[in-house]
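Summary of the model geometry
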Amino acid sequence: MPIIFITDFLIFLLLFTIVGFYLYARKHEHLSAPWRVVKKRPLAMSSAVVLFLFVTIGLFDSIHFHPSIETNESNKNVYSNEIMSVLDIFLDDLRTKNEKTYSAPLASYSFSKELIEQDNGIQIRDYPRLVYGGVSLNNPESESITDITKRISLGILYGLLISTVIISLIIFVLSKTLQTNYRGALQKCLENKTDTHWYSIFATISIISIIICIVCNLSQNYHVFGTDKVGQDVLYQALKSIRTGLVIGTLTTLVMLPFAIIMGLMAGYFRGWVDDVIQYLYTTLNSIPGVLLIAASILLLQVYISNHADDFNSIEQRADLRLLFLCIILGITSWTGLCRLLRAEALKLREVDYVQAAKAFGVGNFEVMFRHLLPNVMHIVMISIVLDFSGLVLAEAVLSYINIGVDPSMYSWGNMINSARLEMAREPVVWWSLAAAFIFMFILVLAANLFSDAVRDAFDPRLREF
Amino acid sequence: MIDNNENLLQVKNLTVSTGTGGRKSNIVNNVSFCVRRGETFVLLGESGSGKSITALSIMRLLPTAIKITAGEAILHKSDLFQLPENKMRKIRGAKIGMIFQEPQTSLNPVLTAGQQISETLRQHENLSKKRCIERSIELLDAVGIPESKRRINEYPHQFSGGMKQRIMIAIALAGNPDLLIADEPTTALDVTIQAQVLELLKKLQDDTGMSILFITHDLGVASQMADHIAVMKNGSIVEAKSKKELFSNPEHQYTLKLFNAIPSWEKRKKEDGMGKIDRSDKSNLLKVKKLKVYYPIKKGVFKRTVGHVQAVDDVTIDLYAGETVAIVGESGSGKTTMGKGILQLLEVTSGVVTYQQKDLNRLDSSSLREIRADIQIVFQDPYSSMNPRMMINDIIQEGMLAQGIGNSEKERDENTVELLEQVGLLAEHRYRYPHEFSGGQRQRICIARALAVKPKLIICDEPTSALDVSVQSQILTLLKKLQKEHSLGYLFITHNISVVEYIAHYVAVMYEGKIVEQGSVEKILKNPENPYTKKLLSAVPRIELKSNLL
Amino acid sequence: MINYILRRILYAVPILIGVNIITFVLFFVVNTPDDMARMHLGMKRVSQEAIIKWKDDRGYNKPILINKEENGIKKITNTIFFENSIKLFIFDFGRSDSGRDIGYDISQRMWPSLAITVPSLLIGLLAYITFGLILAFFRGTYVDISGVVLCVIMMSISGLFYIIGGQYLIGKFLHLVPISGYDTGLNAFKFIILPVLVGLIGGIGASTRWYRTIFLEEMNKDYVRTARAKGLSESSVLYRHVLSNGLIPILTGIVVILPSLFIGSLIVESFFAVPGLGSYTIDAINRQDFAIVRSMVFLGSVLYIIGLILTDISYTFVDPRVRLN
């Protein structure tokens, strides 16, 4: 039985808007030309593949439902109270194979000593075997290395196989669109004569397939990133955190854009008292430390939730609402930057000849703003969106640290770092939660940064002839 | 070739290209010429002819994407293109000086004039600080900047455009160069200032004996400055002669085309006949009476108005159907502000603008909107006058939609096609974007856009100033043709006297916001009374052409 | 000039009032004074008298915005909002909800914040400008490309990594400096080394790229071409012309954050247990100590506005075009 979270709904709304925008842009030269430039750059295309992967994972994680447990007498399905997502179906193994407590990556033994009763009845303190990690091995000390190596090599093989299949499919489709035969399309891709830099896309797909297959293979017998304090697989946590990071990076922008665009353009175009009011608004908002606004809003939300406890059936829904609120409040605190840029641009554009010509025709003010100003500031908006994305993902981690981020029950890299940091004093130190969170964050942010660089160069009017 | 001792610079087979492999293209193609000692050699050409690139090549200051692929440039017996960079630096500024087109941006805004001149001095000569300052003051004197002792410590923005160019010349002269390369040095200056700078260059040449390689697109300037001229087109020299020979006997087709494109009195007489130009048989369209546009100067904590900038000061002028009234003035004269004020595109401080007996200032917004169809505008810069993100079709139809012309999309489409054909473009062009067209074509589209709402009066704000001479003549011809067909009135704002000669019926001369003189075109151009008008007319560089060429 | 400053100060007043209103609304919508009293008194069951006394001590016994029981002007003045806000304008911060003198605390705690932020800024400026200049000088070569790649990578790493990693490295392996805490006087020096270093490394990526872009933009301008035409060497051009013009946007961008140096970085102070104003604010938010929060917000706003004014003034010093108008 499906259940729709607010953020799920908004995510898919955003997805459809982007698809719609893409279809619109195809018909308009000035919008599609810069994207074509982006498609030529190898680093941008590699990043795009990585981003695509993350987005897919996030989308799968955004379809939630109550799983059915059984059918009762009247042949109706009974649903558990638990909420799962489609991603959980894929990651079922990782989700359910929990240990008791910490364990290191690829380990077969738990991280802390326990009282074990041996066969001869004597109790000793030793590292117990894990329930799931290394379960197929009889003698982990000697066998694990060979087992791991075997699994890695098999993973590489599978990865190469799968990537070859995918690449061949793509080339097949390409050959149809380019109207050449298969060989011709392959040659074109390898020699970089196509519109898009397929070569780097194929290379990235291969590397990613190999890595995914290795990880899949290893995780059948081990916890690839170990387990955390309550025994949950760290890799699972990191993967589930992807959605949180994506939601914060994108929904915040969704909230912020309309304000920034409308206010910025109006302030620059109308000047006078409209400008004064808007400048007053954003100076005032900017003076208040963002931390305070966020903290207060989160507190507000908690009061609301405790007063209306019945409306929420589950922890997940409460956490989801808090996530939504966080996005809204982040949006409200971050619209001022873009607004200022757009105001400056609107001040310049209102004097440009074609705007004067439109006024000489008697075209109304709002029509002028929509038809002439807005399309000519879209490049600033586009650059701002992609630039802010990485900043927001990084900010989430920091906010969670000072307890005004996402709900602690929600999976997020910030929460992973926060809980891991508190345990850093342990000897030997538990490093794998931190590592997993940082690695995943780094990959997503790096891909976003590289992609946004290419977007910025493509859309910057000074570098083009537009 | 003449005796080698007389040649200062010999350029042989210069080829400059960009791109690599299959995408290589030549910007300058096998160009050869010589500059003799003490003479001025002019490279004449329109935009894209490669003249500036040629000049930059000699200095080896080309941008990274563009490279010299063949040729030699021999100065003092050594080939400049073969010198290592550190030796070339000794030539730059010392043996060859260069001045550029845009004085506004060519000087470092955070260094004083004195500092920038001294920089050249210290680079090439070993002078003490005191001697540097003395020499800088001498140079400022030599280029005609008054109060040089004080002004040496001033920053570039404190000088006017003409004076900035003089400072540039001083910087270039500081190293005592044998050759001065001047890349369109007066193109961005007003006509009267241009005359002063050209005179200064000639005087300096006489004093120092240096040669000048002068780049320009203006035939009048070439005629005034040159000893020898080479005409360039598409990267090659099509004709190279002494000035006298070129102007009396041009041979190449392109040169002839250039000469024919120059607007002038004679050309007009040839095209229109010798009829009298007067207003007696025309109906009155526009009456401007005592128009004032003042901008307040605000000072103090509470921003009290302490004075006004009088952009347009008490202007009175009339316009009749089917005639062209030219508003002539230099930059800052207020002519563009007046045009926008008439159109109610900016706020008018006082005065009455009457169109067909209706006071435009007093109309409410919907009546004003209706009248807007009758008065339209064509702008100067073809690159910023159209929204780069709209198709031509939409650009032309924007006015139609706003004014309710054309009852259906089909009708509007038909109108658009007709308009495009009227201005000399094709129907299929309407699905393209502005950047796909050249400057001249864009101006045609702008004219079509203005015509779309069937105006009676078009304000043309320097519509050809940004265009090449040959393109300019096409646009002027088009404007004349449209005027005849539709009985349009033009308020033609310009600073170019030759264009006025060619197209205007009535002329008003503006200076610092006021009209200092107005009258029929014959009176103003042949018998000016006001001293400013006289000064303006005398500053225009004239071409001594034989009349049989026209 | 004086006129300009006066006018900006006048504009600042409505902004500060607006800031105050927002702070008030945010705080008191979430908590009534009764809730606050209960939280601070902390006991399971608090008597009504204790609550009333707590509120009386702090002036929270009055209505929040409008006092309906009073007449005339007292309707507005005899309220929590008015009394609290007015004092702020004369910088009387009063006492915190736990009884301490806020003004005194601020004057004590701002030094640790400054001790970290000022060196970070100065050393950072020097380092980043140098790197940016070097990359611009070598533009297009391998030095430039690898430099930019390095910057992007470092930008993509979370700041937390640098902090946690730095603390771990120094704490567990190198033992060169203490990893957290603070001391007074000159002893503070060894405590600030790690935070400053971490801050520097965390900021290299973004700042170097930004400065490199500024310098490259300047290099494409006309006056640089003129300088080359004079025969100047490339390094002269860079140093005398590009740097002096590039410093204009850089310095004016720095000036706007100067006042916020007093408050320090909330995150760095928390992680490194530095008793500065940043951690002061965070603790107050966590403890819901309204008196401190409203003081810090007000102070923050004042400093921000001073920053804006300083930016405009700095233009006049750095750019002769603005100075001599």
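I will try to describe carefully the structure that is included in this document. Along each chain, numbering runs from 1 in the same order as the chain's sequence is written. Lettering for chains starts from A, numbering for ligands starts from 1, and both go in the order in which the items are written. Reporting of local features is limited, given that this is a predicted model, to residues whose pLDDT is at least 70; pairs of side-chain atoms are given and counted only at 80 or more, and all residues count toward the totals for whole chains, interfaces and linings.

With respect to the overall build of chain B
Which entries qualify depends on this criterion: Helix and strand labels come from DSSP, where a helix needs a run of H or I of at least four residues and a strand needs a run of E of at least two; each type is numbered from the N terminus. Values of the radius of gyration come from C-alpha atoms, whereas the globule rule sets the reference at 2.2 Å times the count of residues to the power 0.38. Partly exposed residues are those whose C-beta has more than 12 but fewer than 20 other C-beta atoms within 10 Å; with 20 or more the residue is buried, with 12 or fewer it is exposed, and the C-beta atoms are placed from the backbone. In this description, any two residues whose backbone-derived C-beta atoms lie within 7 Å of each other are considered to be in contact.
Broken down by element type, chain B carries 20 helices and 20 strands. In terms of C-alpha radius of gyration, chain B reaches 26 Å, essentially the compact-globule figure of 24 Å for 550 residues. Across its three principal axes, chain B shows a C-alpha extent of roughly 75 × 60 × 45 Å. Here chain B holds 550 residues, and the buried ones make up 45% of them. Restricting the contact set of chain B to residue pairs at least 6 apart, pairs at least 24 apart contribute 70%.

Some thoughts on the overall build of chain C
Scanning chain C from terminus to terminus reveals 15 helices and 0 strands. Split into buried and exposed, the 325 residues of chain C put 37% on the buried side. Here the contacts in chain C between residues at least 6 apart in sequence split such that 66% fall between residues at least 24 apart.

Side note on the sheet that holds strand 6 (residues 96–99) of chain B
All names here are of chain B. The cut-off we apply is this: Should DSSP find at least two bridges between two strands, the strands are taken to pair. Here an axis means a line fitted to C-alpha atoms, over the contact stretch when the element is a helix, while the angle between two N-to-C directions is reported on a 0 to 180 degree scale.
Read across the sheet, 6 strands follow the order 6-7-8-3-9-10 without closing on themselves; strand pairing throughout is mixed. Only two strands of the sheet have a single neighbouring strand rather than two, namely strand 6 and strand 10 (236–242). Going across the sheet, the axis of each strand differs from the next one's by a mean of 15 degrees, ignoring polarity. Note that strand 3 (residues 40–45) and strand 8 (residues 211–216) share 5 bridges and pair parallel. Counted as the bridge partner of phenylalanine 41 is leucine 213 from strand 8. Here helix 6 (residues 161–173) sits on the sheet in contact with strand 6 and strand 7 (179–183), set at roughly 165 degrees to strand 6.

Topic: the interface of chain A and chain B
Short version of the rule: Residue polarity follows a fixed list, in which Ala, Val, Leu, Ile, Met, Phe, Trp, Tyr, Cys and Pro are nonpolar, Asp, Glu, Lys and Arg are charged, and the others, Gly among them, are polar.
The interface is formed by 18 residues belonging to chain A together with 21 residues belonging to chain B. Elements that contribute at least two residues to the side of chain A that touches chain B include exactly helix 2 (29–40), helix 13 (353–360) and helix 14 (365–401) of chain A. If one sorts the elements of the side of chain A that touches chain B by residue count, helix 13 of chain A sits on top with 7 residues. Classifying every residue of the side of chain A that touches chain B by side-chain character gives 9 nonpolar, 5 polar and 4 charged.

Thoughts on the interface of chain C and chain A
Residue-level contacts link 31 residues of chain C with 30 residues of chain A. When residues of the side of chain C that touches chain A are traced back to their parent elements, those giving at least two are helix 1 (2–30), helix 7 (142–156), helix 8 (159–174), helix 12 (266–271), helix 13 (277–287) and helix 14 (290–318) of chain C. Here the element with the most residues in the side of chain C that touches chain A is helix 1 of chain C; it accounts for 10 residues. A breakdown of the residues in the side of chain C that touches chain A according to their chemical character gives 24 nonpolar, 7 polar and no charged.

Observations concerning the nonpolar core
Heads up, the condition is: The term nonpolar core refers to a group of buried residues, namely Ala, Val, Leu, Ile, Met, Phe, Trp, Tyr and Cys, whose C-beta atoms join them within 7 Å.
Residues Ala437 of chain A together with Ala170, Ile181, Ile327, Leu491, Phe492 and Val507 of chain B are the most contacted members of the largest nonpolar core, which totals 329 residues. Sequence-distant contacts of alanine 437 of chain A, defined by excluding residues within four places in its chain, comprise Ala238, Trp413, Met416 and Ile417 of chain A.

Points about the sheet that holds strand 1 (residues 2–3) of chain A
Remark on secondary structure: sheet strands pair via backbone hydrogen bonds, oriented parallel or antiparallel. All names here are of chain A. As summarised here, the arrangement of the 3 strands in space is 1-2-5, forming an open sheet in which the pairing is antiparallel. Each edge of the open sheet carries a strand with a single partner, namely strand 1 and strand 5 (84–85). Strand direction decides the pairing type here: strand 1 and strand 2 (residues 64–65), joined by 2 bridges, are antiparallel. Within the sheet, the bridge partner assigned to proline 2 lies in strand 2 and is phenylalanine 65.

Regarding unusual backbone geometry
Residue and element names in this part refer to chain B. For asparagine 13, which is not a glycine, the phi torsion comes out positive at approximately 55 degrees. In this structure asparagine 13 comes out as exposed when scored by C-beta crowding, with 11 C-beta atoms within 10 Å. One non-glycine residue, lysine 77, adopts positive backbone phi at about 70 degrees. Checked against the element boundaries, lysine 77 lands in the loop between strand 4 (66–75) and strand 5 (78–79). Note on lysine 77: 7 C-beta atoms within 10 Å, which makes it exposed.

Remember that the coordinates give geometry; whether it matters functionally is a separate question.
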